[in-house]
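Examining the three-dimensional arrangement
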Amino acid sequence: MVSKWKKMKLALSLNLCNYLPRTLEEEPPSLALNSAETLSDAALLSPLNWPMTPTPSSYRRRLSRSSSKSSKQTCSICLNKMKEGCGHAIFTAECSHMFHFHCIASNVKHGNQVCPVCRAKWKEIPIQKPSLDLPYYPFDRCNNDAAISLFRCLPPSQRAITQGHPEPATFDDDERLEEQIVFDGETEVLKKENRDYVRMMDMKMYPEVSAVPQSKSCENFDVLVHLKAVTGDQISQYRRAPIDLVTVLDISGSMGGTKLALLKRAMGFVIQNLGSSDRLSVIAFSSTARRLFPLTRMSDAGRQLALQAVNSLVANGGTNIVDGLRKGAKVMEDRLERNSVASIILLSDGRDTYTTNHPDPSYKVMLPQISVHSFGFGSDHDASVMHSVSEVSGGTFSFIESESVIQDALAQCIGGLLSVAVQELRVEIEGVSPNVRLSSIKAGSYSSLVTGDGHSGLVDLGDLYADEERDFLVSINIPVEEDGHTPLLKLRCLYINPLTKEITTLESHVLQIRRPEYVAEEKVVPIEVVRQRNRFLAAEAMAQARTLAEHGDLEAAVKAIENFRLVLAETVAAKSCDRFCVALDSELKEMQGRMRSSHMYEASGRAYILSGLSSHSWQRATARGNSRDSSSFVQAYQTPSMAEMLRRSQAMFLVSPSHHRLIQPLLSFASQPKPR
């Protein structure tokens, strides 16, 4: 005959209680607190007040012999006291450790079947998918029928929790988008406000010189095209486009201890900064990948669900990046409804141990038409693979050298994603004069095309964040011209407003240059043109150095960068101490230092170069080096929204340089304004 204790535990695992246990946010009726002592909902949702699940390497150090008694009075997951009569069910595991039932149920629901304290593997799992006729828990017929009847009376949501949330074959269970009922008159007002919000795409063209003699023809004459999504004020003061975000998180064994703790904090920051119209889904992968929860709106309830799910993560197993990305892509592809903006964030500290051949082809096939921003941290991640993933999807690759800046790196990325102002930007270039021919377009990693006859071309620039800039160089051939001027180019710009879904078309003026009979002296090339020439040449030097380093010729790699630095020093921008040029030279010098030995290159050089290459090719800020240095060159493409989100992140904690650990938070993030 099975003991009453086992029967009670089975009843708890089936949620067959007379009442549902209260969450930590609910007050017991008999123990109501004064309003002054009660935390607000925002404070409870703040990652600063969010208890973290101890991980094996970090928690054991905190245990002492004198703590054994207190551990029985404190839940080791939420770190709150366990008292009888407070409305919380208490679960005692086989290893004798005690937890709040709802805390351990959350852990088990997300796949953890070991004790968070001693790591003992459990045979009796709460809220595991039940089978009412299991011989392990034999009920007599009367009790079994009563259990079945009571189970069938549970509401569908509770029944799903009881059955362990099996993953569906199709991820079409995304939460519906927030309904916005707007009358026709209000719609017109909204559209007008949004037109004012992105008042225009600022378009400018800079020829390399303003005058060419009539008798002279020019080949590969450069024209700089400059674009900027002008918003005037900070994005937070306006309605912004909501986002569907999927984070793919590495929780393999190497992520244990401080790494996982800091990753949880960083995810707490992300969750707190998403608005109620934004949707989030989290994929966790180690040897296999699992979806912690579907795309869910980040309302107060959604935030609480997300925080609870992330807090339950435990590091173990291998590293299966392909499976994690495949599942993240499936969430995006299967969703029934779609927010205007969508992105995937991938974080990993290791190499894929489950993909036998080179994984690039499989990544290209599986990834949807959605940007993947990848973050590799530590010295053991596969920078080449993660850079390739971002490159083929239109995202960026960031190198997090110090785990203490994981949150800052994510904050900068989120600051951009939450400020998308222009989507699917395409620029069409047309030669105005019949004899003007386009020879090439330099646009970094952006797709460009020149027609066979050379009369026109186009560049696809994708999405732009608020106040973000894009620059590309158009090389043209200019014929001999006897008139006083030669019309060169005109632009046509098309983009989608992410809020109104309207397609906007803008046309530029016609760029002309003067054609006098004589030019008295050589004109100075505008510094804007020189700056972008330097950027493209620097990216080429980085790519060349990386190729040489991968073949083991580090000396030649260092020499390739040194040769470009010498060229850079002779440019007008360098001689005038242009800030971008000075920062670029400092970055190249840092790259040389990380290629002095094969050990340094493997540990950080490769990742540092690829992150820089990603940043300059996409003309978008990435994290690398010392991201907390305000004068750092890594902030060259940082937008105001990125800088603001980074400021919020850095304001949350003081970092001790001598101990490299987080100490008392400066302020509660709950007091920060939430994005609208």
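No experiment lies behind these values; they were computed from the predicted model shown. Numbering of residues starts from 1 in each chain and follows the order in which that chain's sequence is written. Only residues with pLDDT of at least 70 are given local features in this predicted model, and only at 80 or more are side-chain atom pairs given and counted; all residues enter the totals for whole chains, interfaces and linings. The basis for every side-chain value is the complete set of heavy atoms in the structure, and neither hydrogens nor water enter the calculation.

1. Brief notes about the overall build of the protein chain
Put simply, DSSP H or I for four residues or longer makes a helix, DSSP E for two residues or longer makes a strand, and each gets a number counted from the N terminus. Across its full length, the protein chain carries 20 helices and 20 strands. Within the span of the protein chain, comprising 676 residues, buried residues form 52% of the whole. When checking whether two residues touch, look at their non-hydrogen atoms; a contact exists if any pair is within 4.5 Å. For the protein chain, the proportion of contacts with a sequence separation of at least 24, taken over those separated by at least 6, is 73%. Note that accessible areas follow from Shrake-Rupley with a 1.4 Å probe, and for residues the cover is restricted to the protein chains shown. For the protein chain, the accessible area works out to roughly 31,000 Å², and carbon and sulfur atoms hold 51% of it. Buried residues are those whose accessible area, probed at 1.4 Å on protein chains only, stays under 20% of the maximum for their type, while exposed residues exceed 50% and partly exposed ones sit between those limits.

2. Describing the pattern of salt bridges
The rule for a salt bridge is simple: a side-chain nitrogen of Lys or Arg has to be within 4 Å of a carboxyl oxygen of Asp or Glu. Taken as a whole, this structure holds 32 salt bridges when the rule is applied. Close ionic contact of D244 with R279 constitutes a salt bridge, the shortest N to O distance being 2.8 Å. With D244 in strand β5 (residues 243-250) and R279 in strand β6 (residues 279-285), the pair connects residues that are 35 residues apart, well separated along the chain. Taking relative accessible area as the criterion, R279 reaches 0% and is therefore assigned buried. If you follow the salt bridges from partner to partner, you end up with D174, D244, R279 and R335 in one network.

3. A closer look at the nonpolar core
Definition used in this section: a nonpolar core is a set of buried Ala, Val, Leu, Ile, Met, Phe, Trp, Tyr and Cys residues joined via side-chain atoms within 4.5 Å. Counting residues in each nonpolar core, the largest one holds 99 residues, and the members touching the most others are L245, L280, I345, L347 and M595. Of all the elements, helix α9 (residues 258-273) adds the most residues to this core, at 8 residues. Where each domain begins and ends is defined by an automated method or by a domain database. Shared between two domains, this core takes at least three residues from each, and those domains are domain 2 (243-418 + 627-653) and domain 3 (528-618). Setting aside anything within four residues of it in sequence, one finds M595 in contact with A545, A549, L554, A557, V558, I561, Y601 and I609.

4. A word on the pairing of strand β15 (residues 469-478)
Burial runs high along β15: 8 of the 10 residues are buried. Any two strands with at least two DSSP-identified bridges between them are counted as paired. Across 9 bridges, the pairing between strand β4 (residues 218-230) and β15 is antiparallel. Counterpart to D222 in the pairing with β15 is S475. With 5 bridges joining them, strand β12 (residues 437-442) and β15 adopt antiparallel strand pairing. Bridge pairing links K442 to L473 in β15.

5. Some details on the packing of aromatic side chains
Between 30 and 60 degrees the pair is tilted, below 30 it is stacked and above 60 it is edge-to-face, where a pair is any two Phe, Tyr or Trp rings, Trp via its six-membered ring, whose centres lie within 6.5 Å. As enumerated under the stated definition, the model contains 2 aromatic pairs in all. Here the aromatic rings of Y446 and W618 are separated by 4.9 Å at their centres, their planes lie at 90°, and the arrangement is edge-to-face. Highlighted residues: Y446 in the loop between β12 and β13 (447-450) and W618 in helix α19 (residues 598-618), separated in sequence by 172 residues. Side by side, Y446 and W618 carry an identical accessibility label, which is buried. Ring centres of F580 and Y637 lie 6.1 Å apart, and the angle between their planes is 55°; on these two criteria the pair is classed as tilted. Remark: Y637 occurs in the loop between α19 and α20 (640-652) and F580 occurs in helix α18 (residues 579-593); sequence separation between them is 57 residues. Judged by its relative accessible area of 17%, F580 is buried. Over a ring means this: the NZ of a Lys or the CZ of an Arg is within 6 Å of the ring centre and within 35 degrees of the ring normal. Of note, R535 hangs over the ring of F536, and the distance from its end group to the ring centre comes to 4.3 Å. We note R620 situated over the ring of Y465; from NZ or CZ to the ring centre the distance is 3.8 Å.

6. Details of α20
Compared with an ideal rise of 1.5 Å per residue, which puts 13 residues at 18 Å, α20 spans 19 Å between its outermost C-alpha atoms and is within 8% of the ideal. Looking at α20, one finds that the buried residues are S641, M642, M645, L646, R648, S649, A651 and M652. On the buried face of α20, the contacting elements are α9, α14 (406-417) and β14 (456-465). By this rule, a helix spans an expected 1.5 Å times one less than how many residues it contains.

7. Thoughts on the sheet that holds β5
Read from one edge to the other, the open sheet built from 6 strands follows the order β7-β6-β5-β8-β9-β10, with strand pairing classed as mixed. Edge positions in the sheet fall to β7 (289-297) and β10 (397-400), since each of these pairs with one other strand and no more. Direction aside, neighbouring strands of the sheet carry axes that sit 15° apart on average. With 4 bridges connecting them, strand β9 (residues 372-377) and β10 associate as parallel partners. Following the sheet pairing, S374 is matched in β10 by F397. Angles here are taken between N-to-C directions and fall from 0 to 180 degrees, while the axes themselves are lines fitted to C-alpha atoms, restricted in helices to the stretch in contact.

8. Notes on unusual backbone geometry
Non-glycine residue N220 carries a positive phi angle of around 55°. Here N220 lies in strand β4. Among the residues examined, N220 registers a relative accessible area of 48% and is labelled partly exposed. Even without a glycine there, the phi angle at D467 is positive, about 65°. The residue D467 is located in the loop between β14 and β15 in this model.

9. Remarks on helix α13 (residues 383-393)
α13 sits mainly inside the fold: 8 of its 11 residues count as buried. Three or more residues of α13 are buried, namely A383, V385, M386, H387, S388, V389, S390 and S393. Looking at the residues trailing α13, positive phi occurs at G394, about 90°.

10. What about the pairing of β14?
Judged from the 8 bridges that link them, strand β11 (residues 420-431) and β14 form a sheet pairing that is antiparallel. In the strand pairing of β14, V422 is matched with L464. Here β13 pairs with β14 via 4 bridges, running antiparallel. Pairing of L449 across the sheet is with L458, part of β14. Taking the residues that link successive antiparallel strands as the turn, the β13-β14 hairpin has 5 residues, and the phi of G454 there is positive, at about 80°.

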